[in-house]
Amino acid sequence: MIVLYSGAGVLLLDVVLTRLPNQRWWPGWAVVGGWLGRWWPLLVAIVLAATAGAFLRLGARRPTATTSTSIRWESEPGRPGLLPRTTVTPGPPPVRRWNWTAVTSIVTAATALAALVFTAQSLSATREQITLSEQGQITDRYTKAIDQLGTQGPDHLQTRLGGIYALERLAGDSPRDQPTIVEILSAFLRSTLPTAADHLNGATNCPATTILQVDMRAALSVLGRRNHAYDKRTTTDLHDVCLVGADLSGTQLEGANLDGADLTHANLFAAQLTGANLYGADLTGADLKVTFLDDAVLIAANLTRARLEGAFLAEANLTDANFDGANLTDAVYDNNTITRGATKNDASGAWW
């Protein structure tokens, strides 16, 4: 029985000292685990003292009175024969004796508890070593992936792809590193794609067509399918990039920063741009059919001749957006911010 109690105690202390602080579904676990991890020796001492007191209380046997009984045969006047007479003689004073079995149990329990504490400390030290080893492995994987991503030239395409997918795996294994990985992949795309000029001044340095290579599309896919719960306000940053005529259909760029990007004639069919920042972006002639632009910022964006059939623009900020010649057939609007300069020359069937 003592062995079973000891095993249960080891598991309990392992949970208290190592696993509770790592729970994420209830933030209070970190507080409880930290408090118990600091004060568990005092709690063990209290439990040990209470257990010892209980065993000592029961360890001594209660004294019992000792007596002796004797029978004598006597005759009674007027009656024939002998009759039995019982005589009770008190024995010596009672002596209080110790229950050495209980005392042995106390010593055994104390020894088991000491072994329990030692085992718990060993488990905690082992888990700390494992955590340090895991962090070292994550750092090595991170460094290797960055080196792979930094290789240039068409001959190293597979190497760059390996680095991109290694970073995706790393973001899943270590969610706290995901914001940094998002920034790295965004910087990779910005450094690989041409840079657009200020469209508000009517200038552009972008090529006639932007062809997304395999590694660029892979980086966009990885950024799009990540778990946004671990972003810590980090967004995909593609500001001022050239994406003229680029095929971005179905791309998930939720909350992305596309401030000043050149998306002229880009294919954004059914793309996910909810909450994206498209301030001053050039979307001239872009295919935005069935594109999700809910809560998007389209201030001063150029949507001339853009195709917005069936697009979702609920809560989008369209201040000073240019819709000259845009096709807004069956587009869905709700509570938009539209001020001067916003034109809707072809809005037949639009829900405004």
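So, how was this worked out
Residues numbered from 1 in each chain as written. Predicted model: local features only at pLDDT ≥ 70, side-chain atom pairs only at ≥ 80, totals over all residues. Heavy atoms only, no water. Helix = DSSP H or I, 4+ residues; strand = E, 2+ residues; numbered from the N terminus. Buried < 20%, exposed > 50% of the residue type's maximum accessible area, 1.4 Å probe, protein only. Contact = heavy atoms within 4.5 Å. Areas by Shrake-Rupley, 256 points an atom, 1.4 Å probe, with all protein chains shown as cover. Salt bridge = Lys/Arg side-chain N within 4 Å of Asp/Glu carboxyl O. Polar contact = N/O pair within 3.5 Å; in protein donor to acceptor, adjacent residues only side chain to side chain. 1 Å grid on protein atoms, 1.4 Å probe; cavity = no way out; pocket = protein on both sides within 12 Å on 5 of 7 lines; lining within 4 Å. Points joined across faces, edges and corners; volume = space filled by probe spheres on them. Phe/Tyr/Trp six-rings, centres within 6.5 Å; stacked < 30°, edge-to-face > 60°. Disulfide = S-S within 2.5 Å. Expected span 1.5 Å × (residues − 1). Axes fitted to C-alpha atoms, helices over the stretch in contact; angles between N-to-C directions. Parallel < 35°, antiparallel > 145°, perpendicular 65-115°, else oblique. Nonpolar A, V, L, I, M, F, W, Y, C, P; charged D, E, K, R; others polar.

Peer 1: I'm lost on the overall build of the chain in this one. Help?
Peer 2: Along the backbone of the chain there are six helices and two strands. The order of helices and strands in the chain, counted from the N terminus, is α-α-β-β-α-α-α-α. Taken across its 352 residues, the chain has 35% of its residues classed as buried. Restricting the contact set of the chain to residue pairs at least 6 apart, pairs at least 24 apart contribute 32%. Split by element, the accessible area of the chain, about 20,500 Å² in all, is 58% carbon and sulfur.

Peer 1: Mind showing me how you'd approach the pattern of salt bridges here?
Peer 2: Between side chains of opposite charge, a pair can form as their charged atoms come close. Under the counting rule described, the total for this entry stands at eight salt bridges. Between Arg226 and Asp231 there is a salt bridge, with its nearest N and O atoms 3.0 Å apart. Asp231 carries the same exposure label as Arg226, and that label is buried. Close ionic contact of Lys289 with Asp287 constitutes a salt bridge, the shortest N to O distance being 2.8 Å. Taking relative accessible area as the criterion, Lys289 reaches 18% and is therefore assigned buried. Looking at Asp287, the relative accessible area reads 18%, which means it is buried. A cluster of three or more residues bridged by salt bridges with shared partners is formed by Arg141, Arg169 and Asp173.

Peer 1: What is the right way to read the side chain of Thr319 from this model?
Peer 2: Counting through the fold element by element, Thr319 comes out in the segment after helix 6 (214-224). A polar side-chain atom of Thr319 sits 2.6 Å from a polar atom in the side chain of Asn317.

Peer 1: What's the story with empty space enclosed by the protein in this structure? I'm lost.
Peer 2: A water-sized probe rolled over the atoms picks out the places where empty space is left. Following the criterion strictly, the structure yields one cavity of 30 Å³ or more and no others. Counted as a void, the largest cavity has a volume near 30 Å³.

Peer 1: Would you explain the packing of aromatic side chains in this entry?
Peer 2: What describes a pair of aromatic rings is the distance from one ring centre to the other and the angle between the planes of the rings. Across all of its chains, the model carries one aromatic pair by this definition. A ring pair is formed by Phe292 and Phe312, whose centres lie 4.8 Å apart and whose planes are at 5 degrees; its orientation type is stacked. Taken as a pair, Phe292 in the segment after helix 6 and Phe312 in the segment after helix 6 lie far apart in primary sequence, 20 residues in all. Taking the relative accessible area as the measure of exposure, Phe312 reaches 28% and is therefore partly exposed.

Peer 1: Can you walk me through the state of the cysteines in this structure?
Peer 2: Working definition: the covalent bond between the sulfur atoms of two cysteines is a disulfide. Inspection of every chain in the model, using the stated rule, returns one disulfide. Here Cys206 is linked by a disulfide to Cys242, with a sulfur-sulfur distance of 1.9 Å. On the S-S bond that ties Cys206 to Cys242, the torsion sits near -80 degrees, and the link is left-handed. Of this pair, Cys206 sits in the loop between helix 5 (178-192) and helix 6 while Cys242 sits in the segment after helix 6, and the two are 36 residues apart along the sequence. Both residues of the pair, Cys206 and Cys242, belong to the buried class.

Peer 1: Would you take a moment to explain helix 5 for this structure?
Peer 2: Each α-helix winds once per 3.6 residues, and so residues spaced three or four apart point in a common direction. In this model, helix 5 (15 residues) spans 21 Å end to end at C-alpha, consistent with the 21 Å of a helix rising 1.5 Å per residue. Taken together, the buried positions of helix 5 are Gln178, Pro179, Ile181, Val182, Ile184, Leu185, Ser186, Phe188 and Leu189.

Peer 1: Sorry, what's going on with the packing of helix 4 (residues 157-173) against helix 6 here?
Peer 2: Two quantities define a packed helix pair, namely the angle between the helix axes and the distance between the axes. As a packed pair, helix 4 and helix 6 sit with axes 9 Å apart at the nearest point and diverge in direction by 5 degrees. Relative to helix 6, the element helix 4 lies roughly parallel. Judged by residue contacts, Leu157, Arg160, Leu161, Ile164, Tyr165 and Glu168 of helix 4 engage Val214, Asp215, Ala218, Ala219 and Val222 from helix 6. Across the contact of helix 4 with helix 6, the residue classes break down as eight nonpolar, no polar and three charged.

Peer 1: Help me understand the environment of Thr274 in this model?
Peer 2: Residue position: Thr274 is located in the segment after helix 6. When the C-alpha positions of Thr274 and Asp294 are compared, they lie 4.8 Å apart, and in sequence the two are 20 residues distant.

Peer 1: I would appreciate a short explanation of the environment of Leu258 in the present structure.
Peer 2: By the secondary structure assignment, Leu258 is in the segment after helix 6. Residue classification places Leu258 among the buried positions, given a relative accessible area of 2%. Taking the C-alpha atoms as reference, Leu258 lies 6.9 Å from Asp240; in sequence the two are 18 residues apart. If we skip the residues at most four places from it in the chain, Leu258 touches Leu238, His239, Leu253, Leu273, Asn277, Leu278 and Ala281.

Peer 1: Help me understand helix 6, please; the structure alone is not making it clear to me.
Peer 2: Among the 11 residues of helix 6, eight are classified as buried, and the element is accordingly described as predominantly covered. All of the buried residues along helix 6 are Asp215, Met216, Ala218, Ala219, Leu220, Val222, Leu223 and Gly224. Elements that come into contact with the buried residues of helix 6 comprise helix 4 and helix 5.

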